[in-house]
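# Coordinate inspection notes
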Amino acid sequence: MKIGDQVRYIGNTSEFLRSGVGDVPPSELIKGNTYLIEHVETNSQYTLLKLIGVDGEFNSLCFQKAVGCIRQAKPLDY
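The sections below set out a description of the structure shown in this document. (Residues numbered from 1 in each chain as written. Predicted model: local features only at pLDDT ≥ 70, side-chain atom pairs only at ≥ 80, totals over all residues. Heavy atoms only, no water.)

### A closer look at the overall build of the protein
- The number of helices and strands found in the protein is one helix and five strands.
- Mapped in sequence order, the helices and strands of the protein form the string β-α-β-β-β-β.
- Across the 78 residues that make up the protein, the buried fraction comes to 35%.
- Considering only intrachain contacts with a sequence separation of at least 6, the fraction spanning at least 24 residues in the protein is 62%.
- In the structure as shown, the protein presents an accessible area of about 5,100 Å², 51% of it carried by carbon and sulfur atoms. (Helix = DSSP H or I, 4+ residues; strand = E, 2+ residues; numbered from the N terminus. Buried < 20%, exposed > 50% of the residue type's maximum accessible area, 1.4 Å probe, protein only. Contact = heavy atoms within 4.5 Å. Areas by Shrake-Rupley, 256 points an atom, 1.4 Å probe, with all protein chains shown as cover.)

### Quick look at the pairing of strand β3 (residues 47-51)
- Among the five residues in β3, five count as buried, and that is most of the element.
- Across the two faces of β3 the burial is the same, with Thr-47, Leu-49 and Leu-51 and Leu-48 and Lys-50 all buried.
- In the sheet, strand β2 (residues 34-42) pairs with β3 via five bridges, with the strands oriented antiparallel. Each bridged residue has a counterpart across the sheet, and for His-39 the counterpart in β3 is Lys-50.
- If you look at the hairpin formed by β2 and β3, you'll find four residues sitting between the two strands.
- Bridging between β3 and strand β4 (residues 58-59) involves two bridges; their strand directions are antiparallel. Pairing of Leu-49 across the sheet is with Phe-58, part of β4. (Pairing = 2+ DSSP bridges.)

### Things to note about the pairing of β2
- Taken together, the three bridges between strand β1 (residues 6-9) and β2 define a ladder with antiparallel strand orientation. Bridging across to β2, Val-7 finds its partner in Tyr-35.

### Comments concerning the environment of Pro-25
- Among the structural elements, Pro-25 can be located in the loop between α1 (14-19) and β2.
- Note: C-alpha distance between Pro-25 and Phe-58 (33 residues apart in sequence) is 6.5 Å.

### A look at the pattern of salt bridges
- Taken as a whole, this structure holds two salt bridges when the rule is applied.
- Residues Lys-2 and Asp-5 are paired through a salt bridge, measuring 3.1 Å at the closest nitrogen-oxygen approach.
- Residues Asp-5 and Lys-65 are paired through a salt bridge, measuring 3.8 Å at the closest nitrogen-oxygen approach. Taken together, the residues span a long stretch of sequence, with Asp-5 in the segment before β1 and Lys-65 in strand β5 (residues 63-65) at a distance of 60 residues.
- Residue Asp-5 is classed as buried on the basis of its relative accessible area, which comes to 10%. (Salt bridge = Lys/Arg side-chain N within 4 Å of Asp/Glu carboxyl O.)

Shown next as C-alpha cells:
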C-alpha cells in the first residue's frame, strides 16, 4: 500500500487485535467503505496508514487495497 491508494475498511481483524499496534479505528469508519491513504509508515513488523480526513494512524491489517467498483455506504445517522 502506498500514498494515494484507495483502501477498503474490513474492520478490526483478529490479527490487528492481537498486534496492539496502531489506533483503534473510530466509529466514523464504515466497514466496506473506501478511503484514500495520506501517509504510510512501514516497519519490519507492521504498516500504519494515515487516511485523508480521518484522525489517527491505523494498522494496515484493518484494510485491504480496493480494486474494481468503489461503493460507499451512507452512515446510519445522516
